[in-house]
Structures are given as structure tokens and as C-alpha cells.
Amino acid sequence: MQTQVKYLIVGQGIVGTWMSYQLDQAGIAYRIVNDESMPSASRVASGVMNPVTGRRIVQTWMIETLLPYAVNAYAAIQAKLNIPIIQKAPVILLHPSEQMKESFQYRMTHENIYLIHQDPTQWTPYFNAPFGAGGIDECYWLDINKMTRTWKTYLVSSEYYINAHFDMKDVELHENKVQWKNIVAEKIIFCDGIASMQNSYFNELPFAPNKGEALIVKIPGLPNQNIYKNTISVIPWKDDLFWVGSNYEWTFEDMAPTAAFKEKMIQSLDHFLKLPYEIVDHIVGIRPTNTQRRPFVGIHPTQNQLAICNGMGTKGCSLAPYFTAQLLAHLEYGAPIEAEASIARFA
Ligand SMILES: Cc1cc2nc3c(=O)[nH]c(=O)nc-3n(C[C@H](O)[C@H](O)[C@H](O)COP(=O)(O)OP(=O)(O)OC[C@H]3O[C@@H](n4cnc5c(N)ncnc54)[C@H](O)[C@@H]3O)c2cc1C
């Protein structure tokens, strides 16, 4: 028996979750196919939305639009699912060097929107802070795993979720429709992270995957309403567990956790943290990054039954709500996609 829907989504990471949520809210028929044995960056993401970045502490791309949009969107999905997903969590910067302290002080007085003063003595019971402290306001922490798991439960109970491996070789492309197994859809939307690199229709996009690792560490007594940053980030995970990381590896052989990363984090924690800690896990993900650091959003130039929402890189949490909504408006009404994010830029 065939099932007719408007859209078939491939992948239920952050992007597939948001894509299906947008369709759900719009009352449009869809199915989502996901294979949990495939790699997922969303499963290991620390879940931070931070409006500034880098050594110069500059604002991230489009953040004045993306952040308020994302905060409202996460509040809405949180209300629908009736679980805590988003919390405001200021970043406490415990400067790692005199140079970083000066960089912070410079930015405080030059085009500053998000930086705030911090009293370092508040943090010295927990951390060594010889170069003082600063703060970033308007940062948020998201429980991405809880969100995607709970949304999956909803998808399964609604019979929208297909637990299977998607392979392009099982797809029949017809004019204005597409068939995958017993699903007939007008379009397939690829939200499958780095798996799109193997998709013959999208493998010319300039993906540049980036490996990132993190330790999950128990730190009893450390307040879990903040994000702490020195040379490493210490981020609330759940209960008294914290996510500690990360690295950004452009060349790597495989997805295995490395002893070198673990050793480096232990050295950093021993140097930075005053509280005792216990490592409980070591996790790894591949970020769907690209050479331009901009998303890949749009319809395939010659196969209009195929669309993509991908390339979220290091910022899937803040980019996914906005660009899935933009893709949907484009698919349904021909609304424009942000030029820097649209795959039409490669035409
Ligand atoms: C260590 C680390 C820390 C990070 N921290 C942050 C952070 O704090 N904030 C932030 O904004 N971003 C962060 N990121 C980046 C973020 O994780 C990504 O931008 C985001 O998760 C990408 O989401 P996605 O849905 O595109 O891909 P993915 O999460 O990779 O999802 C792809 C989905 O497709 C499924 N799939 C793949 N192939 C198939 C197939 N053939 N058939 C069926 N299903 C398939 C997979 O199972 C998966 O569910 C971090 C990444 C890493 C690695």
C-alpha cells in the first residue's frame, strides 16, 4: 500500500527535527526517515547558542536575526512537548591569558552588545582565574538530546517516523514526484548531515567535515546554570554532568575518540578546575561544516523533487529553526532564501 505525502525528510538530527516541526505546524503531510546507526552531530552537540565568537569576540553571522528567532522557536517547541529545552545560561569567561583579557576589555568599549562585567571572586572557589573574568549575556543552553528524543516519540506515535536506512538507489524520480519504497512524495528534503556528502545530487557542495570530541564529566558542586570558558568550555549537560570540549579537526581518519584529546582535556581541567571530577564518557561527532561557513539551503538546480537543508557547521542550534522555516516558505510560496545560505549561489 502506498502512502502519499507532500514531503519526505531524510534525517532527524536538529535540522530534520526542525524541518518536521515546521511542516507539522503548517499542517502539511510528511514522513521522516532516520537511521540511528548513522553518525549524528546533534547527538554530541553541547547545545550552546552564543552570539559572539573567536579571539576577537565578534558577533556571529546574522545573529541579531537568528537569535531572537531561535529563542522564540525553542520556547514554542518546549511548550508543545511540555519538557524543559531552553535555558538562559550566561558564559563566564575566565580569561586564559593577559592577551585574551585585553581583547575582552577592548570589545567591552567597542561596539559591545553582549559582553558584561563579572566579579572573578565569585568564581575562584571553582576555578583558577589569574587573569580575571568577563561574561557574555544572551547565551542559551539547549537540551538537544531531550528535544530530538521527545520529538521522535511524537513522530513515532503519529506514525510519521520511519526507522530505516535511506539509500538514493531505492528512489524513483518521476516528473514532479518521487517514490521511495512505499512513500510517494512531491519532494525529498535532505537533512542528513554529513551523509549528504555521499549523495550524488549534492556531493558537489563544498562540504569540509570537521571532527569534534567532548568528555562528559561529573563535577559535583559546580553550579549548572552557567557555561564556563577558559581554553576549554565546561557546559551543563544534565544533573551534575558537564560537557567538556572541544577540538576542531579538519583531517581525521575515522570517528574514534582519541587518547590525545582526552589527555589534553585532563591537563586543561587539572589546570583550570579546583573541584574534583570524574570522567564518565568520551563522545565524538562530525560537524557538517563547509569552506564558506554558510548553510546549504534550497532546491536542486535540475531535479526539483530534491531539496536540502544542511551545512550548519558549528552553529546548528541557532541556524536550524530559521533556515528550515525559510526553506519551507521557499518550497510552498517561492519566498526567497537568504542569498548567502541558498545553494543557488553555486549555480
Ligand atoms: C563536538 C560538537 C559540539 C557541537 N556543539 C554545538 C553547539 O554547542 N552549538 C551548535 O549550534 N552546534 C554545535 N555543534 C554543531 C551541531 O552539532 C551541528 O551543526 C548540527 O548537529 C547539525 O545537525 P544536522 O541535523 O544537520 O546533522 P546530524 O545531527 O548529523 O543529523 C543527521 C541525521 O541524519 C541521519 N541519517 C544520516 N544518514 C542517513 C541515512 N542514510 N538514512 C537515514 N538517516 C540518516 C542520522 O542518523 C542523523 O539523525 C557541535 C558539533 C560537535 C561535533
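Structure's up top.
Residues numbered from 1 in each chain as written. Predicted model: local features only at pLDDT ≥ 70, side-chain atom pairs only at ≥ 80, totals over all residues. Heavy atoms only, no water.

Draft legend 1. The arrangement of the site of the ligand in detail. Not every one of the 36 residues close to the ligand is listed here, only the nearest: Asp35, Ser42, Ser46, Gly313 and Cys317. Take aspartate 35: an N or O atom from its main chain is 2.7 Å from an oxygen atom of the ligand. Relative to its unbound accessible area of 1,000 Å², the ligand is 97% covered by the protein chains. Those elements giving two or more residues to the shell around the ligand turn out to be helix H1 (14–26), strand E19 (278–287) and helix H6 (316–333). Class assignment for the residues of the shell around the ligand results in 16 nonpolar, 16 polar and four charged. (Near = heavy atom within 4 Å. Polar contact = N/O pair within 3.5 Å; in protein donor to acceptor, adjacent residues only side chain to side chain. Areas by Shrake-Rupley, 256 points an atom, 1.4 Å probe, with all protein chains shown as cover. Helix = DSSP H or I, 4+ residues; strand = E, 2+ residues; numbered from the N terminus. Nonpolar A, V, L, I, M, F, W, Y, C, P; charged D, E, K, R; others polar.)

Draft legend 2. How the structure looks around the packing of aromatic side chains. In this structure the tally under the stated criterion is 17 aromatic pairs. Look at phenylalanine 127 and phenylalanine 272: their rings are 4.5 Å apart centre to centre, the planes differ by 25°, and that puts the pair in the stacked class. Note that phenylalanine 127 is positioned in the loop between strand E8 (115–117) and strand E9 (133–136) and phenylalanine 272 in helix H5 (residues 259–272), a separation of 145 residues in sequence. Linked through ring pairs, Trp18, Tyr21, Tyr74, Trp151 and Tyr154 together constitute an aromatic cluster. Taking the ring centre of tyrosine 154 as reference, the NZ or CZ of lysine 80 above it sits at 5.0 Å. (Phe/Tyr/Trp six-rings, centres within 6.5 Å; stacked < 30°, edge-to-face > 60°. Lys NZ or Arg CZ within 6 Å of the ring centre and 35° of its normal.)

Draft legend 3. Structural view of the packing of helix H2 (residues 63–81) against H6. The N-to-C vectors of H2 and H6 enclose an angle of 85°; their axes lie 8 Å apart at closest approach. Between H2 and H6, the crossing angle belongs to the class labelled roughly perpendicular. Together, Thr65, Leu66, Tyr69, Ala70, Ala73 and Tyr74 of H2 and Cys317, Ser318, Leu319, Pro321, Tyr322, Phe323 and Ala325 of H6 make up the contact between the two elements. Counted by class, the contact of H2 with H6 contains 11 nonpolar, two polar and no charged residues. (Axes fitted to C-alpha atoms, helices over the stretch in contact; angles between N-to-C directions. Parallel < 35°, antiparallel > 145°, perpendicular 65-115°, else oblique. Contact = heavy atoms within 4.5 Å.)

Coordinates in, geometry out; function isn't part of it.
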